[in-house]
Structure formats: C-alpha cells, structure tokens
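Structural overview
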Amino acid sequence: MSDRYAQVIGTPPGRFVARRVGLPRPAPLERWRPGAPLVSGRVLLGAAPGGWLAEPAARVLASAGVRAATTPDRPLREAAAAAGLDAALHNRRTAGEETFKALVFDATGIADSTRLVELQGFFHPEVPHLEPSGRVVVLGTPPANCGGGRAATAQRALEGFTRALAKELGRGSTAQLVLVEPGGEDEIESTLRFLLSPRSAYVSGQVVLVGPAVAAGEVDWKRPLAGRTALVTGAARGIGEAIAETLSRDGGNVVALDVPAQSAQLREVADRLGGDAFELDVTAPDAPAAVAERFSEGIDVVVHNAGVTRDRTLAKMPADRWTELMEINLSSEERINDALLDAGVLRPNGRIVCVSSVSGIAGNAGQTNYSTSKAGVIGMVEALAPVVAERGVTINAVAPGFIETQMTSRMPFALREAGRRMNSLSQGGLPVDVAEAIAWFAGSGSGSLNGNVVRVCGQSLIGA
C-alpha cells in the first residue's frame, strides 16, 4: 500500500510545510539491490584508546572491499594496517566537507564513565557529514564480560548513547550497538556486513550480541545460503512470501509451507522460486511428525513465520479465539522444534529463526492474545538458545513493527498513520525489511548469533 503522506511530504511544497509546522519528514530509505556494493560510500573507522575490536573491524572492511578511512590515532592506524585495510587518513580539521556513508567506532576501550567523552569526540564532528541512509555502528563489550564495575557501567552506557543517537540522525540513517563477547572478535563479519548495508534499512536503535561461533562453515558472502535447505512457514503471501524470495535470492533451496486453503498462492510462490510447496496446517496433531518426516535427510534453516491476529479486548475474548491464535503463533512452533530436535534432522550450523513482534515487547491494547504469543516466542528463543547451541545450531528472532502489508492496509486511518509515524524513521517498513533480517540470521556466516531478538521497526517509539 502506498504511503501518500510520505509522497506529499517528499515534494518541495510538502517539505516547506513540514519544516514550518514541525510535521514528520520521512526520508526515502535506501534498500539493497542485487549487484549493488555493500556500502555505496566511504566508511570511517575510529576507536577509543585501549580497544580490542578495531583490528577485527578493519579486517571485515578489508574483506568486504569497502572504501575506508581512519582517524589519525597511531594505534588505530597500525591496527588497520595489520588487518590489511588500505585506509585513507582522515582529519576533520583539514578534510572540509568530506562525507561518509558509515561511521564505525570501537568503544571497547572505554573502561570508565569519565572516558565516555570519547564518544562525543569521535561523533560530534562527523555526524553532520553522514550521508542520507547512513549507518552508525558502535562496538562494545557485554557488561557481564567486563570484569569490573566501572568498565561494566561505561559499557552499559553505550546502549543509551546509541539509541539516542539513532533518534537524532534523520535522513533515513540508523545506529546500532554490537556487543562482542570474548572469543567473538573474529565472528563479527556477518553482523557488520548486514548493519552497514542497505539490507538493514528498517533496523535502528538495536543491540546485537555476538559470541563465539556455535558452528562454523565456509561462507560465500554473495550467496550465504548456497546449498542450504530452508523451510518457511506461512509462505504463501505477505512477509512469508518476501522471506521465501529473499532466502532463495541468497542461494537457499526453499520449501514454502502454508495451509491447504492457500494452495494456489503457495504453489505459485514455490514454482517461481524453483522451490517446493508443502501444504500443511501447523496446528494439526500430526504436523510435527510430518515436518520431521519431510526433512528426514536433514534441514539447515527453519523460519517460523506463520501467524495470525484475532484482536479483541480481553473482556470480550472467548476461549476459542485465544486458543486458536496461541496454537498457530506459539504452541505449534514449540512442537515442531521438539520434533526436529528429537529426530536429529537439524544439521550442524543450522538455524531456527522466529518472527515475534514489537507487540510482544511493548504490549498492545486489544491484542492480549497476540502480545502473549509473541512474548512467548521471545521466551522460547531465550530458553532454547543454550540447548540448540550444544548441537551446533542457533536460534534468534526478529520483532517487526509496522510493516506495510494487506493486514495493515485494513487498519483504521488514524491507527495506520500512528503506526507509520511513531518511529525514528517516520514511516512503515516493507516485508523485505523483515526478510533481510531473517536472511542475516539464517546465513551460514551467522553462527556467532544466538539468542538475539532484533526489532525491525524503524526504532519504534513504543517499547523502545
């Protein structure tokens, strides 16, 4: 569905009125297209003294072939050279109006609150020169891994800084915090590639935890799902269809699952992608066994996307309306996971990716059943993460906010406009935005991501 407000505000008269009245001004978001570079401009790398992630970050930038520059700090320059990064020297005092597409800052060296000023020192002169749809990534250490109260305090403060900066950037730009556990320093490539690229267009203000790899494998960054089999539930339309398309684009062999009532649409999607259609009601008593049998020779990726809404206030919510939704959105996923794990068909370096919702984080009036189910999905991810890690498998979730779909197009006008504007990007996301985040988690290079819940919501102001 088209966003007419954004179209009007994008005209010269619309921009003038928006500035004068103080209306939200959504900027066009840059999204990835096949053949496009990972980053369409230059990346500036900076670091606080004493950090330990500048060299790994420089290796990623070198591997990705991006054009890069560093600040003049000698240890940083030496780390970049050791990583094989051919980086230009950048000094804002002499660089004039030089611009950057992305800013990456290693903040792991900030071990005391008095040194948080390092953030101001790096970002203050550079943020005004960040290009539209720019990216900011701050690298830190999980407070639990700091080994001291002052360091833990300073590293926890990075979250407030990053979330606030994300709300200030404007022009379609985003900011994220990546916390890297000891042993995860060589596992940040998948995450940096995603967050620096247009694939993360509708992800902002998020905290991502990177740990040691649960399992490792060869990675083709152009086709990170090459040779891998992926099951996508609820794949006949909407977000599920976009997920199937994106996983197929990245080289996956997609099995598209949906209920028999969606047979025609499901087969059209599967045929178009060169995949297989799997007609199944995931709530049927024999569904878990049927899924395990269908993939008896092994499966690499399971995407739990099937879901419904059955909105009504709790005072008017009959038991069957509650139970039907809970079966589809949560209980069926638990049973299918159990069946796949019991059968041992999830291959090493396998992935389970679940679709939660910001409603499961912040709650939503008239959606006690839906919010309960989506919070339960997050609980399932947190509970299963250490269990599946023992098998060389990861589990993560995405939590979409307002996404432009057939369902949201039927919302009352006022609610729809509120959903679109109440986020830092002042617009709704697209199904492909959810799909890109799922493809990131599903990729063969994402074995260091386990137990994460990342919101795809443009940094929604609700539950932020």
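Parameters and conventions
- Residues numbered from 1 in each chain as written.
- Predicted model: local features only at pLDDT ≥ 70, side-chain atom pairs only at ≥ 80, totals over all residues.
- Heavy atoms only, no water.
- Helix = DSSP H or I, 4+ residues; strand = E, 2+ residues; numbered from the N terminus.
- 1 Å grid on protein atoms, 1.4 Å probe; cavity = no way out; pocket = protein on both sides within 12 Å on 5 of 7 lines; lining within 4 Å.
- Points joined across faces, edges and corners; volume = space filled by probe spheres on them.
- Nonpolar A, V, L, I, M, F, W, Y, C, P; charged D, E, K, R; others polar.
- Buried < 20%, exposed > 50% of the residue type's maximum accessible area, 1.4 Å probe, protein only.
- Arc of directions from axis to C-beta.
- Contact = heavy atoms within 4.5 Å.

**Here we look at the environment of G366**
Within the element layout of this structure, G366 appears in the loop between α13 (359–362) and α14 (368–389). Along the chain, G366 and Y202 lie 164 residues apart, while their C-alpha atoms are 26 Å from each other.

**Some words on empty space enclosed by the protein**
On inspection of all chains with the given rule, the structure shows 2 cavities of 30 Å³ or more. Roughly 50 Å³ of internal volume is contained in the largest cavity. Along its surface, the largest cavity is lined by E30, L38, V39, S40, K101, S133, R135, L196, S197 and P198. Taken together, the residues that form the lining of the largest cavity break down as 4 nonpolar, 3 polar and 3 charged. The space that makes up the second largest cavity amounts to roughly 40 Å³. Taken together, T233, V282, H304, A306, I328, S332, E333 and I336 form the lining of the second largest cavity. The dominant element in the lining of the second largest cavity, judged by the number of residues it contributes, is helix α12 (residues 319–343), at 4 residues. Among the residues forming the lining of the second largest cavity, the class breakdown is 4 nonpolar, 3 polar and 1 charged.

**What about helix α10 (residues 263–273)?**
Among all positions in α10, only S263, L266, V269 and A270 are buried. The buried residues of α10 occupy an angular sector of 135° when the element is viewed end-on, so they sit on one face. The outward face of α10, more than 90 degrees from its buried face, is lined by the exposed residues A264 and D271. For α10, the secondary structure elements touched by its buried residues are α9 (238–249), β9 (253–258) and β10 (276–279). G274 sits one or two residues past α10 and shows a positive phi near 70°.

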